[in-house]
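Okay, here's what each chain looks like letter by letter:
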Amino acid sequence: MPSRRDAIADDLRDRIATGRLNPGDRLPSEAHLAAQYMVSTPTLRNALAVLQVEGLVEKVHGKGNFVRRPVRRITYVGGARTPDTPVMDLAPLSVTVRTTRVRARGHLAALLKMPTGSPLTEIFCLGHEGERPHSLARIYVPGDLTPAVRESLPYESVVTRLMELRPPLAEVREEISVRPPTSEEASTLRISSALAVLAITRQTSDTTGRVVEAALLVLPGDRADAVFTTHHSSTEGRRKHDDVQRTEAPPLDGPRRKAVLPQHR
C-alpha cells in the first residue's frame, strides 16, 4: 500500500496532469491541504517535497506553493571544444553580472595555484528566465587579467573581454559532480534543498601552466544537461569520431557520480 505521502503526491500529480491545476496556479495553503487530506502538516510537506523534486511544484518564500511553469533546459558543453565555443548557450536567458574584488584563500588559492592573499576578481553571473533564477556561476580571474566590467554589461561582452585579455589556452580541466545545493544556492536559485544540482568546477591554464581562470558553476538538475565530446584519431587516415556522453542529475537517493575530465587544446 502506498504511504499517505505518496498517495497525496499521486493525487496532486494527477490533478496537474489532467489540467485541474494549471502552470502558475497557487496551491491551497499547506494547512488547508493537510486538513483536506486528513494528515499532519509534516506529512503534507513531505508530499509536496516529492513534487518539488520532480519539478512539478515550486515553493516561493512568503507566497506559497505553485504549479511550476515549464523551465527551459540548457546544456553545458564540455570536453574537446574550441576556445571560442561557449560552454553554455545563455541567449534565451537574461544574465545579471556583478564583480567584486576578493583575495585568494583556501580552496580558491589552491584552485588558481596562487599564494594566499593574492588579488582576484570574482565575476558573479546569475541567469534568469523571466523573473525566475535559472543558474549561477562564479568566475575568478587573477587581478592582472581582470577586464573593466560594468554591472550593466551583457554577459557575452564579459566573456569576450576575458578572452581578449587572457593568453592562449593550453588546457581546461573540468570536474563535475552531483550534490545537494548549499542553503545559499537553494535560496539564490529558489529551488528545493532536495533537488540535486550539477556542480562544475572549471580550471583554465595557459601554455606556461599558469591558471588564468577558475569557474564554479551550479546548474539545477531539473533544467540542465552536461555533454562531453571526445575526439579520437586513428593512425590510418587519422579519422575522427565523436563519443558523446550526457550527464544528468540523478535523484539524491541514487548513486553519486563524479568525473574529472582533462581537456587539451
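Residues numbered from 1 in each chain as written. Predicted model: local features only at pLDDT ≥ 70, side-chain atom pairs only at ≥ 80, totals over all residues. Heavy atoms only, no water.

A. Focus on helix 3 (residues 41-53). The end-to-end C-alpha distance of helix 3 is 18 Å, a good match for the 18 Å that 13 residues give at a rise of 1.5 Å each. A positive phi of about 80 degrees marks Gly55, the residue just after helix 3. (Helix = DSSP H or I, 4+ residues; strand = E, 2+ residues; numbered from the N terminus. Expected span 1.5 Å × (residues − 1).)

B. Layout of the nonpolar core. One finds Tyr76, Leu198 and Leu219 to be the most contacted residues of the largest nonpolar core, which totals 24 residues. Secondary structure elements with two or more residues in this core: strand 3 (74-79), strand 5 (119-129), strand 6 (132-142), strand 7 (169-179), strand 8 (197-206), strand 9 (211-220) and strand 10 (224-233). Sort the elements by how many residues they give to this core and strand 9 lands first, with four residues. In this structure, Ala9, Leu21, Tyr37 and Leu44 belong to the second largest nonpolar core, which totals 17 residues. (Core = buried A, V, L, I, M, F, W, Y, C linked by side-chain atoms within 4.5 Å. Buried < 20%, exposed > 50% of the residue type's maximum accessible area, 1.4 Å probe, protein only.)

C. Quick peek at the confidence of the model for the chain. Chain-level statistics for the chain give a pLDDT mean of 80 and a share of 74% at 70 or above. Element-level pLDDT for the chain is lowest in strand 12 (residues 258-264), with a mean of 45, against a maximum mean of 95 in helix 2 (residues 30-37). Per-residue pLDDT stays below 50 along residues 235-247; that stretch engages in 30 contacts with residues further than four places along the chain or on separate chains. The low-confidence segment residues 250-265, where pLDDT is below 50, has 47 contacts with residues more than four positions distant or belonging to other chains. (pLDDT = per-residue confidence, 0-100. Contact = heavy atoms within 4.5 Å.)

D. Representation of unusual backbone geometry within the structure. Phi at Met38 takes a positive value of approximately 55 degrees, unusual for a residue other than glycine. Turning to its location among the elements, Met38 is positioned in the loop between helix 2 and helix 3. Residue Arg190 is not a glycine yet carries a positive backbone phi of 55 degrees. Take Arg190: it is sitting in the loop between helix 6 (183-189) and strand 8. Arg190 gets classed as partly exposed once you look at its relative accessible area, which sits at 38%.

E. A look at helix 2. Taken residue by residue, helix 2 has Glu30, Leu33, Ala34 and Tyr37 as its buried positions. Summarising the axial view, the buried residues of helix 2 lie within an arc of 100 degrees, below the 170-degree limit, and thus occupy one face. Away from the buried face of helix 2 by more than 90 degrees, exposed residues Ala31 and Ala35 are located. Buried residues belonging to helix 2 abut helix 1 (4-17), helix 3, strand 1 (57-60) and strand 2 (64-67). Positive phi appears at Met38, one or two residues downstream of helix 2, with a value of about 55 degrees. (Arc of directions from axis to C-beta.)

F. Representation of the pattern of salt bridges within the structure. Enumeration over the complete set of coordinates arrives at 17 salt bridges. What emerges from the salt-bridge pattern is a single network uniting Asp10, Arg13 and Glu54. (Salt bridge = Lys/Arg side-chain N within 4 Å of Asp/Glu carboxyl O.)

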